Amino acid sequence: PALASAAAAAAKNSKKPAEESESEEAAEGFEARFTAAEKKLRALEKKHRHVKTLKVLLARGVELDAQQQAKVRAEKSLKLQIEQMMHEVAAENERAAAAEEEEPQEEATAVVTG
């Protein structure tokens, strides 16, 4: 109980600065911090960390419920999803880098023709 209340207090305290910084970024017109693919990858990685924790518990002899057992059995599929999403994020990053390289060239052309 003490650990849960401490975690809840930490989560409550950690939300305020994040909310403030998000509103400041929105007000100043900044882009989103993470793309949809990056968010999905982070969620998949979080699930994988949870599965690893469940496997440690299982190794210690803790009995897992049916839902936890299903998560452990699905680890292989989860790893494949993470790998696919990593490729998608890498492709997005490459496209973004290529787009950034093109922007200065377009601006230079506009100045010359303008």
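In what follows, the accompanying structure is described. (Residues numbered from 1 in each chain as written. Predicted model: local features only at pLDDT ≥ 70, side-chain atom pairs only at ≥ 80, totals over all residues. Heavy atoms only, no water.)

### Observations regarding the overall build of the chain
Looking only at helices and strands, one finds four helices and zero strands in the chain. Scanning the chain from its N terminus toward the C terminus, one meets helices and strands in the order α-α-α-α. For the chain, the proportion of its 114 residues judged to be buried stands at 12%. In the chain, the proportion of contacts linking residues at least 24 apart, taken out of those at least 6 apart, comes to 63%. As displayed, the chain offers around 9,500 Å² of accessible surface, 55% of which is attributable to carbon and sulfur atoms. (Helix = DSSP H or I, 4+ residues; strand = E, 2+ residues; numbered from the N terminus. Buried < 20%, exposed > 50% of the residue type's maximum accessible area, 1.4 Å probe, protein only. Contact = heavy atoms within 4.5 Å. Areas by Shrake-Rupley, 256 points an atom, 1.4 Å probe, with all protein chains shown as cover.)

### Structural notes on the nonpolar core
Listed in full, the eight residues of the largest apolar core are Ala37, Leu41, Leu44, Val51, Leu78, Ile82, Met85 and Val89. Mapped by element, the contributors of at least two residues to this core are α2 (36-59) and α4 (75-113). Those residues in contact with Val89 that lie beyond four places of it in its chain are Ala37, Glu38 and Leu41. (Core = buried A, V, L, I, M, F, W, Y, C linked by side-chain atoms within 4.5 Å.)

### Points about α2
With 24 residues, α2 should cover 34 Å at 1.5 Å per step; its first-to-last C-alpha distance of 35 Å lies within 8% of that length. All of the buried residues in α2 are Ala37, Glu38, Leu41, Leu44, His48, Val51 and Leu54. One or two positions beyond α2, positive phi appears at Gly61, with a value near 95°. (Expected span 1.5 Å × (residues − 1).)

### Here we look at the packing of α2 against helix α3 (residues 66-73)
It is the contact of α2 with α3, at a shortest axis distance of 9 Å, that shows an interaxial angle of 115°. In terms of their interaxial angle, α2 and α3 are classed as roughly perpendicular. Of the two elements, α2 crosses α3, and the hand of that crossing is left-handed. Where α2 abuts α3, its residues His50, Val51, Leu54 and Lys55 lie against Gln68, Lys71 and Val72. Among the residues forming the contact of α2 with α3, the class breakdown is three nonpolar, two polar and two charged. (Axes fitted to C-alpha atoms, helices over the stretch in contact; angles between N-to-C directions. Parallel < 35°, antiparallel > 145°, perpendicular 65-115°, else oblique. Left-handed = near helix turned anticlockwise from the far one by under 90°. Nonpolar A, V, L, I, M, F, W, Y, C, P; charged D, E, K, R; others polar.)

### Thoughts on the side chain of His48
Residue placement: His48 occurs in helix α2. What makes His48 buried here is its relative accessible area of 13%. The residues touching His48, leaving out its near neighbours within four places in the chain, are Glu75, Leu78, Lys79 and Ile82.

### Focus: the layout of surface pockets
Of the voids in this model, the second largest pocket is the one considered here, and its volume is about 160 Å³. The wall of the second largest pocket is formed by Lys47, His50, Val51, Ala70, Lys71, Ala74, Ser77, Leu78 and Gln81. When contributions to the lining of the second largest pocket are tallied by element, the ones reaching two or more residues are α2, α3 and α4. Within the lining of the second largest pocket, the residues separate by chemical class into four nonpolar, three polar and two charged. (1 Å grid on protein atoms, 1.4 Å probe; cavity = no way out; pocket = protein on both sides within 12 Å on 5 of 7 lines; lining within 4 Å. Points joined across faces, edges and corners; volume = space filled by probe spheres on them.)

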